[in-house]
Amino acid sequence: MALRFEVLGRFNRARAAQLTLPHFVCQTPLFMPVGTQGTIKGLTTNQLEEIGCQIILGNTYHLALRPSSELIDELGGLHKFMNWPRALLTDSGGFQMVSLLHLADITEKGVTFQSPVDGKPMLLTPEESIQIQNRIGADIIMALDDVVKTTITGPRVEEAMYRTLRWIDRCIAAHKRPEEQNLFGIVQGGLDPVLRDICVRGLVDRKLPGYAIGGLSGGEDKNSFWRVVAQCTAALPEDKPRYVMGVGYPLDIVVCSALGADMYDCVYPTRTARFGTALVPEGVLKLKHKAMADDTRPIDPACMCMVCKNYTRAYIHCLVTKDAMGSQLLSYHNLYYMMKLSRDLHSSIIQERFPEFVCEFLQKMFPKGDVPEWVCNAMEVAGIDISCCCAPFSSSQD
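A few points on the structure. (Residues numbered from 1 in each chain as written. Predicted model: local features only at pLDDT ≥ 70, side-chain atom pairs only at ≥ 80, totals over all residues. Heavy atoms only, no water.)

1. Some thoughts on the overall build of the chain
Along the backbone of the chain there are 16 helices and 16 strands. Its C-alpha radius of gyration of 21 Å places the chain within 12% of the 21 Å reference for a compact globule of 398 residues. Seen along its three principal axes, the alpha-carbon backbone of the chain occupies a region of about 55 × 45 × 40 Å. Counting every position in the chain, which comprises 398 residues, the buried fraction comes to 57%. In the chain, 66% of the contacts between residues at least 6 apart in sequence involve partners at least 24 apart. Surface exposure of the chain reaches about 16500 Å², of which carbon and sulfur atoms provide 53%. Looking at the chain, you have 40 positive and 44 negative side-chain charges, and the mean spots of the two groups are 3 Å apart. (Helix = DSSP H or I, 4+ residues; strand = E, 2+ residues; numbered from the N terminus. Rg over C-alpha atoms; globule rule 2.2 N^0.38 Å. Buried < 20%, exposed > 50% of the residue type's maximum accessible area, 1.4 Å probe, protein only. Contact = heavy atoms within 4.5 Å. Areas by Shrake-Rupley, 256 points an atom, 1.4 Å probe, with all protein chains shown as cover. Lys, Arg positive; Asp, Glu negative; His and termini not counted. Charge placed at Lys NZ, Arg CZ, Asp CG, Glu CD.)

So, in structure tokens, the structure goes:
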């Protein structure tokens, strides 16, 4: 095992921890931006360090296609290849079963993809996924799992969960660098509590360095989403990191952290930036709107990032409709926002003021008190009283 996980503070289920990895000592809860092919679009690695990024996520499927894991290995691993001194996590390629299903055929042997580069079939087995990730050299590597959308029901969900458990043993056997890289298992089982419980218990029995909760953020309703997170975090070990995959909305991260999760990743902050949208404490700010054309305020007057210190909404409005620099500035701001959110979650738990932080966060985002009912329900389970920021009979699911 090549990690150490030390819980530094708690509030009920929420915890702040120090996660020591081969390349960096991280503070959780933490958000990981997605750099699919070894880059966060539009930002340099120096800028990512500047804003406090701790771990970047790379995608095994895309890196294996181009530039190839063999070349990355020859050039000294992904850290050196992309000039990133801090931690890296690579996913397994399993998510492409969902996102590229028209290109994939799933069997017990593995997943056969049609390469989007040349159209040729490419078999990704659990063994091959781990071999590729061993060559890439990330601090955390993910087991290949059988992913199905949470909106799917019936025998396919059970089949995928049991296959995920069978594949984890193949991943463990194929993993040749356990002293340098940490293999995380992924809890599957759809929205079925019984299947999720079987999968959690099976993975915990294998004593892995960390655990992910997979198969969410695929269109399920928010009540189902938080209940799966709550169930899994309650059953996973206290002394290992818990990673909710594909979660990037700030509200979701606050809720999941209250329920005991530690790590998150998503393309959302950078993808929404490319569409001209900034993340702000009130929610989002759409810089393409005409009202921004003569607005001389920064994106967020309270934000200390380089963008908010130096540029107006009017300037960025002018850019987002015509110039790549607009999406670069918004990507910088949005990731700064996510890193600050991570730091604020960590420090509020350490300083024993987590409930106050949650209430302040919700009051800014929902000044009329219209906090969604699912958030109220989740916070009740998390043991956090948010009645001060909830209007009665709030029922929004957004």
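2. Remarks on helix α10 (residues 250-258)
Counting buried residues along α10, 9 of its 9 residues qualify, which places the element largely inside the surrounding structure. Buried within α10 we find Pro250, Leu251, Asp252, Ile253, Val254, Val255, Cys256, Ser257 and Ala258. One or two residues past the end of α10 sits Gly260, with phi positive at roughly 105°.

3. Observations concerning the pairing of strand β5 (residues 55-59)
The buried count for β5 comes to 5 of 5 residues, which makes it a mostly enclosed element. The alternating pattern of β5 places Ile55, Leu57 and Asn59 on one face and Ile56 and Gly58 on the opposite face, and all of these are buried. Bridge count between β5 and strand β6 (residues 87-91): 5 bridges; the pairing is parallel. Each residue of the ladder has a partner; that of Asn59, found in β6, is Asp91. (Pairing = 2+ DSSP bridges.)

4. Quick word on the sheet that holds strand β10 (residues 140-142)
Pairing is parallel across the open sheet formed by 8 strands, whose spatial order is β4-β14-β13-β12-β11-β10-β6-β5. Every other strand in the sheet has two partners, leaving β4 (30-33) and β5 as the edge strands with one partner each. Between one strand and the next, the sheet's axes are offset by a mean angle of 25°, whatever the strand orientation. For strand β13 (residues 242-244) and strand β14 (residues 263-266), the ladder comprises 2 bridges, and the chain directions are parallel. Counted as the bridge partner of Val244 is Tyr264 from β14. (Axes fitted to C-alpha atoms, helices over the stretch in contact; angles between N-to-C directions.)

5. Considerations on the sheet that holds strand β8 (residues 111-114)
Strand order in the open sheet made by the 3 strands is β7-β8-β9, with antiparallel pairing throughout. A single partner strand is all that each edge strand has here, and the edge strands are β7 (104-106) and β9 (121-124). For this sheet the average axis-to-axis angle between neighbouring strands, irrespective of direction, equals 20°.

6. Observations regarding the packing of α10 against helix α14 (residues 324-350)
Geometrically, a packed helix pair is captured by the angle between its two axes and the distance between the axes. The interhelical angle for the contact between α10 and α14, taken along N-to-C directions, is 20°, at an axis separation of 11 Å. Put simply, α10 runs roughly parallel to α14. In this structure, the crossing between α10 and α14 has a hand that is right-handed. Across the interface between the two elements, Pro250, Ile253, Val254 and Ser257 from α10 touch Tyr337, Met338, Leu341 and Leu345 from α14. Taken together, the residues that form the contact of α10 with α14 break down as 7 nonpolar, 1 polar and no charged. (Parallel < 35°, antiparallel > 145°, perpendicular 65-115°, else oblique. Left-handed = near helix turned anticlockwise from the far one by under 90°. Nonpolar A, V, L, I, M, F, W, Y, C, P; charged D, E, K, R; others polar.)

7. Structural notes on unusual backbone geometry
The omega torsion of the bond from Thr28 to Pro29 falls at 0°, within 30 degrees of zero and hence cis. Cis peptide bonds are those with omega within 30 degrees of zero, and the linkage from Arg66 to Pro67 qualifies with 15°. With respect to the helices and strands, Pro67 occurs in the loop between α2 (60-65) and α3 (69-74). Notably, Ser68 is not glycine yet its phi reads approximately 105°, a positive angle. Counting through the fold element by element, Ser68 comes out in the loop between α2 and α3. Residue Ser68 is classed as buried on the basis of its relative accessible area of 17%. Positive phi, close to 60°, is recorded for Ser217, a residue that is not glycine.

8. With respect to a nonpolar patch on the surface
Taken together, Leu71, Leu75 and Phe81 make up a surface patch of nonpolar side chains, about 230 Å² in accessible area. By the element assignment, Phe81 lies in helix α4 (residues 78-82). (Patch = residues over 30% accessible without salt bridge, like charges linked within 9 Å, V, L, I, M, F, W, Y side chains within 5 Å. Salt bridge = Lys/Arg side-chain N within 4 Å of Asp/Glu carboxyl O.)

9. Digging into the packing of aromatic side chains
As enumerated under the stated definition, the model contains 4 aromatic pairs in all. With centroids separated by 6.5 Å and ring planes inclined at 80°, the aromatic side chains of Phe225 and Trp374 adopt a geometry described as edge-to-face. Residue Phe225 is found in helix α9 (residues 222-235), and its partner Trp374 is found in helix α16 (residues 373-382); the two are separated by 149 residues along the sequence. Taken as a pair, Phe225 and Trp374 share a single burial class, namely buried. Relative to Tyr268, the ring of Tyr249 lies with its centre 4.5 Å away and its plane at 70°, an arrangement referred to as edge-to-face. Highlighted residues: Tyr249 in the loop between β13 and α10 and Tyr268 in helix α11 (residues 268-274), separated in sequence by 19 residues. (Phe/Tyr/Trp six-rings, centres within 6.5 Å; stacked < 30°, edge-to-face > 60°.)

10. Thoughts on the pattern of salt bridges
Two side chains that carry opposite charge are able to pair once their charged atoms sit near each other. Tallied over the full model, the rule gives 21 salt bridges. For Glu238, the salt bridge is made with Arg10, and the minimal N-O distance between the two is 2.6 Å. Of this pair, Glu238 sits in the loop between α9 and β13 while Arg10 sits in strand β1 (residues 4-11), and the two are 228 residues apart along the sequence. Classification of Glu238 by relative accessible area gives partly exposed; the value is 43%. Overall, Arg10 belongs to the partly exposed group, its relative accessible area being 43%. One salt bridge in this structure joins Glu128 and Arg135, with 3.9 Å as the shortest N-O distance. Here Glu128 falls in the partly exposed class, since its relative accessible area comes to 28%. Here the salt bridges do not stand alone but share partners, grouping Glu108, Asp146, Arg156, Glu159, Arg163 and Arg166 into one network.

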